[in-house]
Amino acid sequence: MEQNFFVHESSYVDEGCTIGAGTKIWHFSHIMGGCTIGEKCNIGQNVVISPGVVLGSGVKIQNNVSVYTGVVCEDGVFLGPSCVFTNVINPRAFIERKSEYRKTTIRQGASIGANATIVCGHDIGRYAFVGAGAVVTKNVPDYAMVYGSPARIRGYVCQCGEKLHFADGKAVCGACAKQYEMNENSEVKETV
């Protein structure tokens, strides 16, 4: 069967994983069996994708990222260099806790900045933006921009990544002209 994705000769791809067409896997990476990678993903240098991980289409993973069992990245997710995932809340070297893995979902179009840490069991909303070095200890809403340790909401961003400025619960992106509304619970959605 013809391979319709690229794997650099220094990388390992274990049997039993699914990799979509047009995906590129670069130097010194390890793709473990039982994971699913969508089409047209770009997996950088020194990346580990653990068993059971699901990556949607168009996911971009920069260098030195380990995506552990329990993580799901939907379509169009960006994982910045050396960002960190966890999958057990209270790890000990001498206690096996594989049955306690907590799921973390990175929703469509979200971006995680360099060196950010995502504590397991928390979801990152659609098109959210996690700043470099942030430590995420709770769920991040759709379109939210968070940074700091612990990460807190510092504003909201458009699908294109530009910061939104709300007035009377409405915002228009200055870069792409998409329109948004914020309700009384500070939930943001794109308007048609």
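On a predicted model such as this, the values are computed, not experimentally measured, just so you know.

> Describe the overall build of the chain, naming the residues involved and giving the relevant values.
Tallying secondary structure elements over the chain gives 0 helices and 25 strands in all. Here the C-alpha atoms of the chain give a radius of gyration of 17 Å, agreeing with the 16 Å that 2.2 N^0.38 yields for 192 residues. If one aligns the C-alpha atoms of the chain with their principal axes, the spans along those axes are about 55 × 45 × 20 Å. Here the chain holds 192 residues, and the buried ones make up 40% of them. For the chain, restricting intrachain contacts to residue pairs at least 6 apart in sequence, the fraction spanning at least 24 positions comes to 14%. About 10,300 Å² of surface is accessible on the chain, with carbon and sulfur atoms providing 48% of the total. Taken together, the 17 basic and 17 acidic charged side chains of the chain have centroids lying 7 Å from each other.

> Describe the pairing of strand β21 (residues 152–157), with residues and values.
Note that strand β20 (residues 144–147) and β21 share 4 bridges and pair antiparallel. The residue of β21 that forms the bridge with A144 is Y156. Pairing of β21 with strand β22 (residues 163–164) involves 2 bridges; the strand directions are antiparallel. The residue bridging Y156 from the neighbouring strand is L164, located in β22. Counting the residues that bridge the hairpin from β21 to β22 gives 5 residues, and of these G161 lies at a positive phi of roughly 100°.

> Any chance you could break down the sheet that holds strand β15 (residues 104–106) for me, citing the residues and the numbers?
Spatially, β3-β6-β9-β12-β15 is the arrangement adopted by the 5 strands of the open sheet, whose pairing is parallel. Only two strands of the sheet have a single neighbouring strand rather than two, namely β3 (18–19) and β15. The pairing of strand β9 (residues 54–55) with strand β12 (residues 71–73) spans 2 bridges and is parallel. Across the sheet, residue L55 finds its bridge partner in β12, namely C73.

> Describe the side chain of H122, listing the residues and the values that go with them.
In this structure, H122 sits in the loop between β17 (117–118) and β18 (129–130). Among the polar contacts listed, one links the side chain of H122 to the backbone oxygen of V119, at a separation of 2.9 Å. Once residues within four sequence positions are removed from consideration, H122 is found in contact with K103, T104, T105, V136, T137, K138 and N139.

> Got a sec to walk through the sheet that holds strand β7 (residues 42–43)? Specific residues and values, please.
One open sheet holds the 10 strands; their spatial order is β1-β4-β7-β10-β13-β16-β18-β20-β21-β22, and the pairing between them is mixed. One side of each edge strand has no neighbouring strand; the edge strands of this open sheet are β1 (6–7) and β22. Sheet topology note: the strand β13 (residues 78–79)/strand β16 (residues 111–112) ladder contains 2 bridges and is parallel. Bridge pairing in β16 links L79 to I112.

> Hey, could you go over the state of the cysteines for me, with residue numbers and the actual values?
Throughout the structure, instances matching the rule amount to 0 disulfides. Here C83 stays free of any disulfide, with the sulfur of C73 as its closest cysteine sulfur at 8.3 Å. With no disulfide partner, C176 has as its closest neighbouring cysteine sulfur the one in C158, 3.4 Å distant. A relative accessible area of 34% means that C176 is categorised as partly exposed.

Conventions and cut-offs
Each chain has its residues counted from 1, running along the sequence as written. Totals for whole chains, interfaces and linings use all residues, but because this is a predicted model, local features are given only for residues with pLDDT of at least 70 and pairs of side-chain atoms are given and counted only at 80 or more. Calculated side-chain values reflect all of the structure's heavy atoms, with hydrogen atoms and water omitted. Every helix listed is a DSSP run of H or I at least four residues long, and every strand listed is a run of E at least two residues long, numbered separately from the N terminus. For the radius of gyration, the atoms used are the C-alpha atoms, and the globule rule reads 2.2 Å times the number of residues raised to 0.38. Each residue's exposure class comes from its accessible area (1.4 Å probe, protein chains only) as a fraction of the maximum for that residue type: buried when under 20%, exposed when over 50%, partly exposed otherwise. The contact criterion used throughout is that any non-hydrogen atoms of two residues lie within 4.5 Å. The method behind every accessible area is Shrake-Rupley, applied with a 1.4 Å probe, and residues are considered shielded solely by the protein chains displayed. When charges are counted, neither His nor the chain ends are considered; positive counts come from Lys and Arg and negative counts from Asp and Glu. Charge positions are represented by NZ for Lys, CZ for Arg, CG for Asp and CD for Glu. Any two strands are treated as partners once DSSP identifies two or more bridges connecting them. A 3.5 Å cut-off defines polar contacts: any pair of N or O atoms within that distance qualifies, except that in protein one atom must be a possible hydrogen donor and the other a possible acceptor, and neighbouring residues in sequence count only when both atoms are side-chain atoms. When two cysteine sulfur atoms are found within 2.5 Å, that pair is recorded as a disulfide.

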